[in-house]
Each structure stands twice: as structure tokens, then as C-alpha cells.
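As a plain string of letters, each chain reads:
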Amino acid sequence: MKKNKLETLCVHEGQLKDLENKGAISPLYMATAYAYDEVEVTRYPRYFNTPNQVGLAKKIAALEGAEQGIIFGSGMAAISTALLSHLRSGDHIVLQADLYGGTTNLIVEEFEKFGIEYSFSPGLLASDLEKLIQPNTKVVFIETPSNPLMKLVNLEAVAKMAKKKGVISIIDNTFASPINQNPISFGIDVVIHSATKYLGGHSDILAGAVVGSQKHIEVVFQMAKNLGGSLSDYTVWLLERSMKTLSIRVKAQNENAVELAKFLENSKSVDQVYYPGLKSHPDHELACLQMNGFGGMLSFELSRSHDLDLFQKNLHLIKPAVSLAGVESTITIPTKTSHALISSEERKAQGIKDNLIRFSVGIEHFDDLKEDIDQALIKSKL
Ligand SMILES: *Cc1c(COP(=O)(O)O)cnc(C)c1O
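Reading the values: the criteria
Sequence order as written defines the numbering, with residues in each chain counted from 1. Local features in this predicted model are restricted to residues of pLDDT 70 or higher, and side-chain atom pairs are both shown and tallied only at a pLDDT of 80 or more, whereas totals for entire chains, interfaces and linings draw on every residue. Hydrogens and water are ignored here; the side-chain numbers use all heavy atoms of the structure. Proximity is defined per residue: any heavy atom of the residue falling within 4 Å of a molecule or strand makes that residue near it. Two N or O atoms count as a polar contact when they lie within 3.5 Å, although within protein this holds only if one can serve as hydrogen donor and the other as acceptor, and sequence-adjacent residues are included solely when both atoms are side-chain atoms. Each accessible area is a Shrake-Rupley estimate made with a 1.4 Å probe; only the visible protein chains count as cover when residues are assessed. The secondary structure listing takes helices from DSSP runs of H or I that are at least 4 residues long and strands from runs of E that are at least 2 residues long, numbered from the N terminus. Residue type decides the class: Asp, Glu, Lys and Arg count as charged, Ala, Val, Leu, Ile, Met, Phe, Trp, Tyr, Cys and Pro as nonpolar, and the leftover types, Gly among them, as polar. Convention adopted: a line fitted to C-alpha atoms gives each axis, helices being fitted over their contacting stretch, and angles between N-to-C directions are expressed from 0 to 180 degrees. Our angle categories are set so that under 35 degrees counts as roughly parallel, over 145 as roughly antiparallel, 65 to 115 as roughly perpendicular, and the remainder as oblique. Each helix crossing is assigned a hand: it is left-handed if the near helix lies turned anticlockwise from the far helix by less than a right angle, otherwise right-handed if that turn is clockwise. Residue contacts follow a heavy-atom distance rule, with two residues in contact if any of their heavy atoms lie within 4.5 Å. The span one expects for a helix is its residue count, reduced by one, times 1.5 Å. Note on exposure labels: buried denotes an accessible area under 20% of the residue type's maximum, exposed denotes more than 50%, and partly exposed covers the range between, all computed with a 1.4 Å probe on protein chains only. By this definition, two strands are paired if DSSP reports at least two bridges between them. Working definition: rings of Phe, Tyr and Trp (its six-membered ring) pair if their centres are within 6.5 Å, and the pair is stacked with planes under 30 degrees apart, edge-to-face with planes over 60 apart, and tilted otherwise. Where each domain begins and ends follows an automated or database-derived domain assignment. Every patch collects residues that have over 30% relative accessible area and no salt bridge, joining them within 9 Å if they carry like charges and within 5 Å if they are nonpolar side chains (Val, Leu, Ile, Met, Phe, Trp, Tyr). Think of a salt bridge as a Lys or Arg side-chain nitrogen and an Asp or Glu carboxyl oxygen that are within 4 Å of each other.

J.: Just give me the short version of the site of the ligand, but keep the residues and values in it.
T.: As a structural note, the neighbourhood of the ligand is formed by 14 residues, with Gly75, Met76, Asp172, Thr196 and Lys197 the closest of them. Contacts to the ligand include aspartate 172, whose side-chain N or O atom sits 2.6 Å from a nitrogen atom. In the environment of the ligand, an oxygen atom lies 2.9 Å from a nitrogen or oxygen atom belonging to the side chain of serine 194. Relative to its free-state accessible area of 380 Å², the ligand is covered by the protein chains to the extent of 93%. Broken down by element, the shell around the ligand gets its largest block of residues, three residues, from helix H3 (residues 75-86). A breakdown of the residues in the shell around the ligand according to their chemical character gives six nonpolar, five polar and three charged.

J.: Go over the packing of H3 against helix H4 (residues 101-110), please, and point to the residues and values.
T.: As a packed pair, H3 and H4 sit with axes 10 Å apart at the nearest point and diverge in direction by 40 degrees. By the criterion of interaxial angle, the relationship of H3 to H4 is oblique. Classified by chirality, the crossing of H4 by H3 is right-handed. Residues Met76, Ile79, Ser80 and Leu83 of H3 form the contact with H4, whose own contacting residues are Gly102, Thr103, Leu106 and Ile107. Class assignment for the residues of the contact of H3 with H4 results in five nonpolar, three polar and no charged.

J.: So what about helix H8 (residues 214-227)? Which residues, and what values?
T.: With 14 residues, H8 should cover 20 Å at 1.5 Å per step; its first-to-last C-alpha distance of 20 Å lies within 8% of that length. Of the residues making up H8, those classed as buried are His216, Ile217, Val220 and Ala224. Among the residues trailing H8, glycine 228 stands out with phi positive, at a value near 80 degrees.

J.: Can you break down the sheet that holds strand E1 (residues 68-72) residue by residue, with the values?
T.: Read across the open sheet, the seven strands follow the order E1-E7-E6-E5-E4-E2-E3; overall the sheet is mixed. Strands at the two margins of the open sheet, each flanked by one partner only, are E1 and strand E3 (117-121). Taking the axes of each pair of neighbouring strands and ignoring which way they run, one obtains an average angle of 20 degrees across the sheet. Relative to E3, strand E2 (residues 92-96) runs parallel, the two being bridged by five bridges. Looking at the pairing, histidine 92 lines up with glutamate 117 of E3.

J.: Tell me about the packing of aromatic side chains, residues and numbers included.
T.: Aromatic ring pairs: the centre-centre distance and the angle between the two ring planes describe each pair. Going through the model one piece at a time under the given rule, you end up with eight aromatic pairs. Plain terms: the ring middles of tyrosine 44 and tyrosine 47 are 5.8 Å apart, the flat faces sit at 75 degrees to each other, and that makes the pair edge-to-face. On the basis of relative accessible area, tyrosine 44 is assigned to the partly exposed category, the value being 36%. With a centroid separation of 6.5 Å and 75 degrees between ring planes, the pair formed by tyrosine 275 and phenylalanine 294 is classed as edge-to-face. Of this pair, tyrosine 275 sits in the loop between strand E8 (270-274) and helix H11 (284-290) while phenylalanine 294 sits in the loop between H11 and strand E9 (297-302), placing them 19 residues apart in sequence.

J.: Give me the domain arrangement of the protein: which residues, what numbers.
T.: Taken domain by domain, the protein holds domain 1 (6-243) and domain 2 (246-379). One C-alpha centre belongs to domain 1, the other to domain 2, and the line joining them spans 26 Å. Contact residues are listed per partner, giving 33 residues for domain 1 and 37 residues for domain 2. For the interface between domain 1 and domain 2, the tally reads 17 residue pairs in polar contact (both at pLDDT 80 or more). If one sorts the elements of the side of domain 1 that touches domain 2 by residue count, helix H7 (residues 177-180) sits on top with four residues. Each residue belonging to the side of domain 1 that touches domain 2 can be placed in one class, and the counts come to 17 nonpolar, 13 polar and three charged.

J.: Please provide a residue-by-residue account of a nonpolar patch on the surface, values included.
T.: A cluster of nonpolar residues, Leu28, Met30 and Tyr234, forms a patch on the protein surface that exposes about 280 Å² of accessible area. By the element assignment, leucine 28 lies in the loop between helix H1 (6-12) and helix H2 (51-63).

J.: Explain the pairing of strand E7 (residues 208-212) residue by residue, including any values.
T.: With five of its five residues buried, E7 lies for the most part within the structure. Burial along E7 is two-sided: the residues Gly208, Val210 and Gly212 and Ala209 and Val211 are all buried. Both E1 and E7 contribute to a ladder of five bridges, which runs antiparallel. Within the sheet, the bridge partner assigned to isoleucine 70 lies in E7 and is valine 210.

J.: Lay out the packing of helix H10 (residues 246-265) against helix H14 (residues 366-379) in plain terms, naming residues and giving numbers.
T.: Angle between the axes and distance between the axes are the two parameters that describe a pair of packed helices. Following both chains from N to C, one finds H10 and H14 inclined at 35 degrees, their axes separated by 10 Å at the closest point. Our pair here, H10 against H14, has a crossing hand that is right-handed. Where H10 abuts H14, its residues Asn256, Glu259, Leu260, Phe263 and Leu264 lie against Phe366, Leu369, Lys370, Ile373 and Asp374. Within the contact of H10 with H14, the residues separate by chemical class into six nonpolar, one polar and three charged.

Here it is, written out as C-alpha cells:
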């Protein structure tokens, strides 16, 4: 059968047929009780097999070129279940050091209890990760582009290294979204999304997804049904609806982000911009190789000639918010939010300066975003 392109998959893949009324969209099945007699499968929401869950998993799997998927109640439920299902007591995992804070917390706060060893790699090259692989290593975990400095990891190199070493490669693909990056096409085994971000896209859904080969998803499922992190079918239905516009949203965010990055790079009020779409970004060439678009996330350092708090306070359109990837533009100051609990020395070691601002670019008109930034820069000048 002909494989549809991403834009078409967003709209149609996994959609449920309304056989009775012939409505144009998926009907919503809220049932938690299904027949067990004379049926092919016994359905139950915590078995991840209600009609709406199965349909949405099919959509996300198709977008990532995966065989199967499972929808979770949050990105962290997806990450914790994917990791714990592939690791047991005595095993070891290698992770890049620049990770979503919640993932780092999961590892350092919980893994010792399960007797799982871990190593964080400050270097992001496949060879850096490879050096940390031990005989008991089972998983290598990456996240690219990373938060908040948009560093890139070479997908193909990591996938090859993992295959050579006989370990499973898992990626958190949240920042790129399936529109901009499809790690399975580079040989990565398992792809995770916090669907709270681009897949949902309207800052009103908390959800997650894990996709991969049938073999890997079966392993995840066996633990997932015991941990019980499934998503309510109403939210599954809402997420499917939101994802119909995923490709046009992300493309608009990509375009705005490219323009914004260039504008900020040319501004005297900005010291440094971190965006893989800029030629000045150290991983720009790699971004061109493995990404279809450069994404809607960027960060920049406000010059010392401006007051950071005044700048934030004077933005009217662009709101401060901890989450990201919505249709509205938002900013966070990592030293006050995601990286507030880390010491200032440790932050410095990670390259996160106190004047760093992370920008989640929305779908507004670029001129309005630019105007908002311009007036806030004037008002925050020291
Ligand atoms: C938000 C986020 C998560 C966690 O997702 P939740 O839906 O909040 O549980 C994981 N990884 C990345 C990159 C994220 O941005």
C-alpha cells in the first residue's frame, strides 16, 4: 500500500470510522468496560487497547516510521516505562548529560532503588557515549536537540555504535517533533515524545508516547500494563484532533524561529543565539543532514546592557511559561525555572549563563513578535 506523506498522516492516519453515522472525524469511545465473550481482544483502557488509544498510537507510529506505539498519560510516564521495561537490577545505562530535567531526576532519584547503574556523558559524540559502555550496558539514551542550548547528537553515529555494542538506542524526540526529525530512519530503536509539547501543541494536554519495532514495544507494553500510566480516552481523542494540524503548526514555528534567530543574532542587545538553523551554530551541518526543519526552540543570551527581569516583564505578547511548543510564543529563564536547583558553578560548566533565555516560538506573525521584543528591549535598557 502507498505510504502517505507526513502532512497526510497527521490528518488521516489512525482515524476511526464512524460506521453508524458516517461522521468525518473519529468517534470517541469512553467505555472502560468491554465485552470479554466472543471478541477478538479484551479491551481495557489500562491495556492501552481501546479504539481511540489504538488509533492514536497508529498515527504517531506512522509519523515516526515505527511499527507500533503506546500512548501514555505523560511524557515522563512514557520515559520511565520505556527505560524501566528495558532495564533490570544489575544493568547499566549510558545517557547524555544534557537531558530534560525530569529525566535526569528519574535517573538520579530512582534508579539506585532498582539496582540500575548509570553514566552521564558530558560529551555528545557517539564516541563519547561509547567510552562509557560497560559489559552490563543495555541502553543508550539521547535527546536532540537538547535543552536549553540546542546541542545536537548524531543520530546515525549513535545508532551504529549502539548496534555494534548490542545495546538498545532510545531517543527523546520531543524538541524536534516527528515533522522535523525521524530517528528510526537513522537506525535508532525507540522514539519517545512528550505529547504535552508539539503533538498537543495548544498547551492544554499532558500526554506521552513511545514508538518502535513490535519487539521493543511488546517489552514496553508488558511493564506499562503493570505500572498503569495510560491516558484517558477523552484526552486521547483531543490529542488526535490536535495532531491533525501538527505539520502546519510545526512548519509555521520553524519559519518563525529561523527569522527570529537571525533577528536576534543581528541585534546589539543579544550576545549569543543558540539555534541549529543558524550557520553560526556548531552543529548546523549535522542539523541539515538529520533534520527536515530546524524546530521552534531557540535560546539566546541577553546583553549585560539590559535588565533580564525588566525585559521579561515588558513583553506583552510573549509570555513567561515553564512549558513549551504551544501555538503561542513563550519564554523561560532556565536559571529561574528548569535549572534553578543546580548550583551556579554546575550551570556554568554546562554552558548555561545567568542571562540565558529559552524561547519557544509560536505561530504568531513574525512582525508582531519582533515588535514585542523590540519594545521590551528599549524598556529594559540599563
Ligand atoms: C516536557 C518534556 C518531557 C516530559 O514530559 P511531560 O509530558 O511533562 O511528562 C520530557 N522530555 C522533554 C524534552 C520535554 O520537553
